[in-house]
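Structural features, examined
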Amino acid sequence: IVTAIACDHRLHTPMYFFLINLSVLDLGCISTTVPKAMANSLWDTRDISYSGCAAQIFFLFFLLGAEYSLLTVMAYDRYVAICKPLHYGTLLGSRACVHMAAAAWGSGFLCAVLHTANTFSLPLCQGNAVDQFFCEIPQILKLSCSDAYIREVGLLVFSSSFGFGCFVFIVVSYVKIFRAVLRIPSEQGWHKALSTCLPHLAVVSLFISTAMVAYLKPPSVSSPLLDLVVAVLYSVVPPAVNPLIYSMRNQELKDAL
């Protein structure tokens, strides 16, 4: 996807610039958790070093945080393209696009630094067995001493509130898009606008709902199977299906490929 967009000058538009960023983030998200889990399965081991665990948490929060911010930016891009087409070039010029992409990456980096530093400053006194296929903050908090994790829980609640705010922004953007689409007389125009918007909204909904369940649910409702399913739904499924939603359903990108 990145190569096709980079090599085809017809795709050098804001939407495809954001799609390149999303593709890189998706690749990074999958590479953070899945290869190590596969290696552990093949070699029949469950070991990971302390620094490797910290690196997993840092990169996962960095990439997922940046991806979610970028999905918010992409919702704004679709809103301007459909609801304010005459202002598209003004509102989403090359400099504005670079600034928005940089803000998305920067927000992910800040989120990752705060959570990683805070989590690994906690004293761990409940063993060293993380009951998950990758290092996940809720699983590490189970290993911390009794009251030491309250600060990290507060940070998780703040991050979740920010994520929910982004989700509200995305939903409002799509409500305005749907209202504009309903005024389009052409059935083909309806299909073209909704074929991208609805899958985008579905993936974002899946990501935010499962992530909030994973990080905010009380320990009393925790079970190994539930934790595993929820972790796969927020850390593996969105990066895996995003290329299909944004690329394989897109005729311009198919032609470029």
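Residues numbered from 1 in each chain as written. Predicted model: local features only at pLDDT ≥ 70, side-chain atom pairs only at ≥ 80, totals over all residues. Heavy atoms only, no water.

**Observations concerning the overall build of the protein**
Scanning the protein from terminus to terminus reveals eleven helices and zero strands. Counting from the amino terminus, the protein carries its helices and strands in the arrangement α-α-α-α-α-α-α-α-α-α-α. Expected size for 257 residues packed as a compact globule is a radius of gyration near 18 Å; at 20 Å, the protein falls within 12% of this value. For the C-alpha atoms alone, the extent of the protein along its principal axes is close to 65 × 35 × 35 Å. Sorting the 257 residues of the protein into buried and exposed places 44% on the buried side. If you take every contact in the protein between residues at least 6 apart in sequence, the share linking residues at least 24 apart comes to 72%. As presented, the protein carries roughly 13,400 Å² of accessible surface, and 68% of it is formed by carbon and sulfur atoms. Looking at charge distribution, the protein has the averaged site of its 15 positive side-chain charges lying 11 Å from that of its 14 negative ones. (Helix = DSSP H or I, 4+ residues; strand = E, 2+ residues; numbered from the N terminus. Rg over C-alpha atoms; globule rule 2.2 N^0.38 Å. Buried < 20%, exposed > 50% of the residue type's maximum accessible area, 1.4 Å probe, protein only. Contact = heavy atoms within 4.5 Å. Areas by Shrake-Rupley, 256 points an atom, 1.4 Å probe, with all protein chains shown as cover. Lys, Arg positive; Asp, Glu negative; His and termini not counted. Charge placed at Lys NZ, Arg CZ, Asp CG, Glu CD.)

**Quick notes on helix α9 (residues 224-235)**
Taking 1.5 Å of rise per residue, the twelve residues of α9 would be expected to cover 16 Å, and the 16 Å separating its terminal C-alpha atoms lies within 8% of that figure. Turning to α9, its buried residues number three or more, namely Asp227, Val230, Ala231, Tyr234 and Ser235. Down the axis of α9, the buried set is contained in an arc of 110 degrees. They therefore lie on one face. (Expected span 1.5 Å × (residues − 1). Arc of directions from axis to C-beta.)

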